[in-house]
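Okay, here's what each chain looks like letter by letter:
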Amino acid sequence: MSGKSKGRRAVRRAGWVLMGTALSVASFAGIAFAGVSTSMADSFAPAPTASGDRAWPAAKPVPKDRITVAVAVSSEGSVATDVLAPYQVFAESGKFSVYTVAAERRVFPLSGGAHLLPDHTLAEVERGTVPEPDVVVVPAVADPTGADEAWLRQWIVERHRRGARVLGVCAGSELLAASGLLDGRDATSFWSAIDALKHRYPQVHWDRGRRYVEDGRVTTTAGVTSGTVGALRVVEELAGKDEAARIGKGLSYPGWTVDGPTAIPANHLAVGDLPYALNAAFPWLRPTVGIGLVDGVGEIDAAAAFEGYGGVSFTARTVVLGARGTVTTRHGLVLVTRPADRRSHGVDRFVVPGVAEPSAVDAPLRTWAHRNKLAVELPGGGRHTEEFGFDPVLRDLAEHSDRRTALVTAKFSEYPSSHLTLTGAAWPWRSTLLAGAAVVVSVAAGFVPTVIRRAVRRRRATKPPHGLPGRTASEVQEYPAREAGSRRPSSVRHR
């Protein structure tokens with residue numbers, strides 16, 4: 001065989017190997033993408049709509065003699081804690097009146113399978129039928145730069161122009177950056193988003209490792225639970241240190257004090273964060289957790305359950321249940337739930353956050369759990385008197401899933417976790433085993449080109465020359481000799 005022939009064969013062989021490798025990578029990426037899509041679809045599930053005699057409750061009136069706070073809600077979906085935690089902080093004070101506002105008054109999704117009915121619309125504020133806000137809270141939203149949020153971005157800018165303070169929570173800072181409101185300002189955001197934000201919005205001075213950053217009448221916070229601290233800072237500025245200290249003491253956010261430092265660990269991705277990706281990319285075979293809500297539930301308690309079981313940890317598919325179709329939280333938010341009827345919704349565990357005693361659980365919820373042979377579990381049942389709402393949920397997550405996932409959930413919520421005592425498995429083996437199975441399937445897919453190549457070569461090796469159908473290779477080799485004998489002169493053949 002010539003050198004050129006050998007070179008061509010080597011190039012072809014390398015091409016097949018590259019094709020197989022690309023197919024393996026594409027297969028694994030496709031499986032992971034399908035898993036992430038499933039996780040996100042479960043987290044931001046479609047909202048129910050009112051039908052028949054199911055009418056949504058009317059919005060509560062907004063007092064005009066208080067400091068007014070508007071918490072914005074996205075039509076595409078918002079992070080639950082970014083909305084609920086600041087809402088509770090401001091609503092804990094009688095000096096503030098708080099309402100939620102969105103493009104329309106219909107049900108919108110929150111992370112973790114929750115749904116919220118906003119109080120008022122952006123147009124109502126524009127028309128003056130609702131008091132102009134003194135503070136606007138902006139949560140992380142599903143599509144901060146999308147056309148569907150253009151009106152919300154313009155509305156926020158107009159509120160700031162009219163004198164309102166703006167509090168951007170977590171990745172809500174991207175919506176503010178997209179509106180131009182952060183141009184030339186110092187700002188911060190969720191730790192894993194800052195590098196991308198620096199690239200997309202170089203005109204903003206992004207600061208890592210700060211719980212919140214203030215620049216004029218604009219305050220931005222670090223990830224998820226940091227909105228609690230940012231809201232307390234705004235309370236301090238508008239209602240005084242004593243009021244902020246009172247609210248902060250009741251909420252018990254770890255390490256917070258009125259005059260405390262704003263510096264926090266500058267988080268970066270690490271090998272120990274792998275469970276976050278595993279749980280999000282390989283959600284199959286995970287349990288379904290029913291989250292039961294009772295009227296009067298604390299907004300932060302509810303948010304902790306939404307994020308801890310679904311929105312941040314991705315360890316479970318979550319179903320939010322109530323005695324009826326809606327639940328009113330401690331300070332008047334309307335959360336839309338699935339009614340506890342005869343359907344099981346595929347629930348494997350049933351937890352009721354923010355409740356210390358079983359007797360405080362609504363009778364329809366207890367009946368539903370009994371009918372479906374489920375225990376009513378109270379993550380806050382053994383709750384210490386002075387702890388933040390995320391603590392009992394993280395402990396429960398560690399016990400029923402694993403400790404590593406609980407710690408990663410705290411990190412991706414930018415929540416201090418060093419004070420927690422966690423028990424349970426060390427690692428998320430379900431999602432890890434599924435990832436291993438995906439690797440095996442992907443590697444097997446990568447061998448498909450090799451199998452095809454060998455089949456083609458085998459077929460070529462057994463294919464007879466043109467005009468000699470049905471002959472094998474050995475028969476083809478014997479063919480010239482037999483034909484030569486058959487061509488001898490007839491005089492020789494008949495001697």
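For the structure itself, consult the block above.
Residues numbered from 1 in each chain as written. Predicted model: local features only at pLDDT ≥ 70, side-chain atom pairs only at ≥ 80, totals over all residues. Heavy atoms only, no water.

Our next topic: the sheet that holds strand S10 (residues 212-215). Sheet strands line up and pair through hydrogen bonds in the backbone, either parallel or antiparallel. Taken in spatial order, the seven strands make up an open sheet running S5-S2-S1-S6-S7-S11-S10, and their pairing is mixed. Bordering the open sheet on either side are strand S5 (120-121) and S10, each of which pairs with just one other strand. Of the strand pairs in this sheet, strand S7 (residues 165-168) and strand S11 (residues 218-221) are connected by three bridges, and their pairing is parallel. Across the sheet, residue Leu 167 finds its bridge partner in S11, namely Thr 219. (Pairing = 2+ DSSP bridges. Helix = DSSP H or I, 4+ residues; strand = E, 2+ residues; numbered from the N terminus.)

Turning to helix H10 (residues 299-311), a few remarks are in order. Residue pairs three or four apart in sequence face the same way in an α-helix, which turns once every 3.6 residues. Taking 1.5 Å of rise per residue, 13 residues should cover 18 Å, yet H10 covers just 15 Å from first to last C-alpha, more than 12% shy of that figure. Most of H10 sits inside the fold, with 13 of its 13 residues counted as buried. (Expected span 1.5 Å × (residues − 1). Buried < 20%, exposed > 50% of the residue type's maximum accessible area, 1.4 Å probe, protein only.)

The subject of this paragraph is helix H5 (residues 172-179). With six of eight residues buried, H5 lies mostly within the body of the structure. Those residues of H5 not exposed but buried are Gly 172, Ser 173, Glu 174, Leu 175, Leu 176 and Ala 177. Residues of H5 that are buried in the fold lie against strand S6 (135-138), helix H4 (150-161), S7, helix H6 (194-200), strand S9 (205-206) and S11. Just beyond H5, the residue with positive phi is Gly 180, at close to 90 degrees. (Contact = heavy atoms within 4.5 Å.)

Here we take up the packing of H4 against H5. Where H4 contacts H5, the axes come no closer than 9 Å and their chain directions differ by 80 degrees. Judged on the interaxial angle alone, H5 and H4 are roughly perpendicular. Here Leu 152, Arg 153, Ile 156 and Val 157 of H4 come into contact with H5, specifically with Leu 175, Leu 176, Ala 178 and Ser 179. Partitioning the contact of H4 with H5 into residue classes produces six nonpolar, one polar and one charged. (Axes fitted to C-alpha atoms, helices over the stretch in contact; angles between N-to-C directions. Parallel < 35°, antiparallel > 145°, perpendicular 65-115°, else oblique. Nonpolar A, V, L, I, M, F, W, Y, C, P; charged D, E, K, R; others polar.)

With that out of the way, let us pick up unusual backbone geometry. Despite not being glycine, Ser 252 has its phi angle at roughly 60 degrees, a positive value. Secondary-structure assignment places Ser 252 in the loop between helix H8 (241-251) and helix H9 (274-281). A residue is classified by how much of its surface remains accessible, and Ser 252, at 16% relative accessible area, is buried.

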